[in-house]
Protein chains: 2
Amino acid sequence: MSDTRHDVAEFTSSLNDLVHQRTRLGILTIVQEGGKVDFGYLQDALGLTGGNLSQHLTVLQAAGLVHIDKGYEGKRARTWVSKTKAGSRALRDEVSALKALVAHIEGIGS
Amino acid sequence: MSDTRHDVAEFTSSLNDLVHQRTRLGILTIVQEGGKVDFGYLQDALGLTGGNLSQHLTVLQAAGLVHIDKGYEGKRARTWVSKTKAGSRALRDEVSALKALVAHIEGIGS
């Protein structure tokens, strides 16, 4: 059982809360796919209030995982969110960690 | 892109914060594997303070996802944590949701 214990500690410590948190994982996934994504689009997609989405974007931006551009489309103020290299890498690392954890859990049987 | 959006919303909303949170995912995995697990064992395994582990266990217990038994081994007070059916089911659901999300992210390419 001590092998298991080391494995699980390794898996869970390689999950990065910055990226693992459910909403931020959703944001990074959509941005990875969509290139440059409108704030309102993200909000609808994830069913979030504007304030909640802003908070998560601030966390991701501070960590360098997304770019945020503010500008105008005609007279309308717009905010666009796009991926960074670090964001793509962080999402890739999260996926690797999740796959290892899932493989481990599936190996347990129940 | 609207298909993507619906997919991602579906994946992230099927992740349950109760179980998805990194430390609780680790606890449930170890308990799933270990049957009845000592508090100190979990604490070492996950590198947590006793207070932090207690907080997460309280959340999991309140949701019916783990059983907590207090007793004595000789003169020493012990706390054991074990899985419940609901806990096993919740972990299985989390694994399904993670697999769907991982498959989706890997389908994006980068």
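Our next topic: the nonpolar core. The biggest cluster of nonpolar side chains holds 60 residues, and the ones touching the most others in it are Leu42 of chain A together with Leu42 of chain B. In contact with leucine 42 of chain B, not counting residues within four places along its chain, are Ile27, Ile30, Val37, Leu53, Leu57 and Val81 of chain B.

Next up on the list: the packing of helix H3 (residues 22-34) of chain B against helix H4 (residues 39-46) of chain B. Residues and elements named next belong to chain B. Direction vectors running N to C along H3 and H4 enclose 130°, while the axes themselves pass 11 Å from each other. As judged from the angle between their axes, H3 and H4 are oblique. At the point where H3 passes H4, the crossing takes the right-handed sense. Seen from H3, the contacting residues are Thr23, Gly26, Ile27 and Ile30; seen from H4, they are Tyr41, Leu42, Ala45 and Leu46. For the contact of H3 with H4, a count of residues per class yields six nonpolar, two polar and no charged.

Here we take up the relation of the copies chain B and chain A. Taken as rigid bodies, chain B and chain A are interconverted by a rotation of 180° and an axial shift of 0.0 Å, the fit giving an RMSD of 0.0 Å. Taken together, the rotation and translation describe the operation of a two-fold axis.

On to the pattern of salt bridges, then. Residues and elements named next belong to chain A. Within the structure shown, the criterion is met by eight salt bridges over all chains. A salt bridge links arginine 78 to aspartate 38, with the shortest nitrogen-to-oxygen separation between them at 2.7 Å. With arginine 78 in strand E3 (residues 76-83) and aspartate 38 in strand E1 (residues 36-38), this pair connects stretches of sequence that are 40 residues apart. We note that arginine 78, like aspartate 38, is buried. A salt bridge links glutamate 73 to arginine 78; its shortest N-O distance comes to 2.1 Å. Classification of glutamate 73 as partly exposed rests on a relative accessible area of 44%. On the basis of relative accessible area, arginine 78 is assigned to the buried category, the value being 13%. Overlapping salt bridges, with partners in common, bring together Asp38, Glu73 and Arg78 in one network.

In this section: the sheet that holds strand E2 (residues 66-73) of chain A. Residues and elements named next belong to chain A. An order of E1-E3-E2 is seen for the three strands of this open sheet, with the pairing classed as antiparallel. Strands with a single pairing partner mark the edges of an open sheet, and in this sheet they are E1 and E2. Strand-to-strand twist of the sheet, defined as the mean angle between neighbouring strand axes without regard to direction, takes the value 30°. Where E2 lies against E3, eight bridges are found, and the strand directions are antiparallel. If you follow tyrosine 72 over to E3, its bridge partner there is alanine 77. Running over the sheet, helix H5 (residues 50-62) touches E2 and E3 and is turned about 125° from E2.

All names here are of chain B. In this structure, strand E1 (residues 36-38) lies alongside strand E3 (residues 76-83), joined through three bridges in antiparallel fashion. Pairing of valine 37 across the sheet is with valine 81, part of E3. A loop of two residues connects strand E2 (residues 66-73) with E3, the two strands running antiparallel in sequence, and glycine 74 in this loop sits at a positive phi of about 65°.

Residues and elements named next belong to chain A. At a closest axis distance of 10 Å, the pairing of helix H4 (residues 39-46) and H5 adopts a crossing angle of 110°. Here H5 runs roughly perpendicular to H4, going by the angle between their axes. Taking contact as the criterion, the partners of Phe39, Leu42 and Gln43 in H4 are, on H5, Gly50, Leu53, Ser54 and Leu57. Class assignment of the residues belonging to the contact of H4 with H5 gives a composition of four nonpolar, three polar and no charged.

By convention, interface size is frequently given as the accessible area that disappears when the constituent parts associate. Listed per partner, the contact involves 38 residues of chain B and 38 residues of chain A. Surface buried jointly by chain B and chain A totals about 3,500 Å² across both partners, of which 67% is contributed by carbon and sulfur atoms. Between chain B and chain A we count four salt bridges in total. Glutamate 106 of chain A is the partner of lysine 99 of chain B in a salt bridge, and the nearest nitrogen-oxygen pair spans 2.8 Å.

Cut-offs used in this document
- Residues numbered from 1 in each chain as written.
- Chains lettered and ligands numbered in written order.
- Predicted model: local features only at pLDDT ≥ 70, side-chain atom pairs only at ≥ 80, totals over all residues.
- Heavy atoms only, no water.
- Core = buried A, V, L, I, M, F, W, Y, C linked by side-chain atoms within 4.5 Å.
- Buried < 20%, exposed > 50% of the residue type's maximum accessible area, 1.4 Å probe, protein only.
- Contact = heavy atoms within 4.5 Å.
- Axes fitted to C-alpha atoms, helices over the stretch in contact; angles between N-to-C directions.
- Helix = DSSP H or I, 4+ residues; strand = E, 2+ residues; numbered from the N terminus.
- Parallel < 35°, antiparallel > 145°, perpendicular 65-115°, else oblique.
- Left-handed = near helix turned anticlockwise from the far one by under 90°.
- Nonpolar A, V, L, I, M, F, W, Y, C, P; charged D, E, K, R; others polar.
- Least-squares fit on C-alpha atoms with pLDDT ≥ 70 in both.
- Salt bridge = Lys/Arg side-chain N within 4 Å of Asp/Glu carboxyl O.
- Pairing = 2+ DSSP bridges.
- Buried area = accessible area lost by both parts, 1.4 Å probe.

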